[in-house]
Amino acid sequence: MSESSRPPGQLSTAALLQNLQAAHPQAQVAVLDFSSDHAEISLAHKGVPVHTEHFPELSGVQLLASCFADSSSRAAQLEHAIEVVEDAIMPASLDLRQFMVFATGDLAEELSHWLGEAQGMEQQSLNRDMIDDLFTLYAAASQGAVSLKMVNTSSLENIHKLVNNQNLGIYLLLLRECLHHMHIEHIHLLAP
């Protein structure tokens, strides 16, 4: 994302990395920045950006066009999307188990907001099991297979909001695959 296309008040990735590194000086920092027009993972060590991996095929627009535009079943679309994401991220060979990992962008904010509505509290830190559960819930709900055992009835309205937001489903898929293949245990949502 170029500086000129960045929304007002949003920090550049380099500035964000420096701020996060300053707040966590003993940690290596990684930022997952997935949005509709770009997908990248940036790393910093001792306050200095050291590497950015770009994944043009994983932007929301690209994933929607390549995986969800045909008339296949939702299960087939999700399976294809998982394959596309894995094929893109595996060659990067990023091992982030020693990093503090943050997710940023509009979809991180949207996920945080949705979690707040669904759980009645702000959830800024998610572990691998939570992301797995959320993605499983999204996949089941988007295929019309949510049972009342999966959710309580008070959150059925929130499940419909999740299912109707395909971008948020794609975001969960991206986070899930990164957590699994990059050895991430926790991710912190950066939502203003």
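Up top is the structure these notes are about.
Residues numbered from 1 in each chain as written. Predicted model: local features only at pLDDT ≥ 70, side-chain atom pairs only at ≥ 80, totals over all residues. Heavy atoms only, no water.

A. Spotlight on helix 7 (residues 166-181). Between its first and last C-alpha, helix 7 extends 22 Å over 16 residues, near the 22 Å set by a 1.5 Å rise per residue. With 12 of 16 residues buried, helix 7 is to be regarded as a mostly interior element. The complete set of buried residues in helix 7 reads Leu168, Gly169, Ile170, Tyr171, Leu172, Leu173, Leu174, Leu175, Arg176, Glu177, Cys178 and Leu179. Positive phi shows up at His183, right after helix 7, with a value of about 60°. (Helix = DSSP H or I, 4+ residues; strand = E, 2+ residues; numbered from the N terminus. Expected span 1.5 Å × (residues − 1). Buried < 20%, exposed > 50% of the residue type's maximum accessible area, 1.4 Å probe, protein only.)

B. Spatial organisation of the packing of helix 3 (residues 74-89) against helix 5 (residues 128-142). Two numbers describe how helix 3 lies on helix 5: the axes approach to 9 Å, and their chain directions differ by 145°. Pair helix 3 / helix 5 crosses with right-handed handedness. Contacts between helix 3 and helix 5 involve Arg74, Leu78 and Ile82 from the former and Phe135, Tyr138, Ala139 and Ser142 from the latter. Taken together, the residues of the contact of helix 3 with helix 5 break down into 5 nonpolar, 1 polar and 1 charged. (Axes fitted to C-alpha atoms, helices over the stretch in contact; angles between N-to-C directions. Left-handed = near helix turned anticlockwise from the far one by under 90°. Contact = heavy atoms within 4.5 Å. Nonpolar A, V, L, I, M, F, W, Y, C, P; charged D, E, K, R; others polar.)

C. Region of interest: the pairing of strand 6 (residues 186-189). Covered by surrounding structure in strand 6 are Ile187 and Leu189 only, the residues His186 and His188 on the alternate face being uncovered. Relative to strand 6, strand 4 (residues 99-104) is paired through 2 bridges, and the arrangement is parallel. Bridge pairing in strand 6 links Phe102 to His188. In the sheet, strand 5 (residues 125-127) pairs with strand 6 via 3 bridges, with the strands oriented antiparallel. Across the sheet, residue Leu126 finds its bridge partner in strand 6, namely Ile187. (Pairing = 2+ DSSP bridges.)

D. Main features of the pattern of salt bridges. A full pass over the atoms with the stated rule returns 4 salt bridges. Asp95 is the partner of Arg97 in a salt bridge, and the nearest nitrogen-oxygen pair spans 2.9 Å. For Arg97, a relative accessible area of 49% puts it in the partly exposed group. For Asp95, a relative accessible area of 37% gives the class partly exposed. The partner of Glu177 in a salt bridge is Arg176, and the shortest N-O contact between them spans 2.6 Å. The structure contains a network of salt bridges with shared partners spanning Asp132, Arg176 and Glu177. (Salt bridge = Lys/Arg side-chain N within 4 Å of Asp/Glu carboxyl O.)

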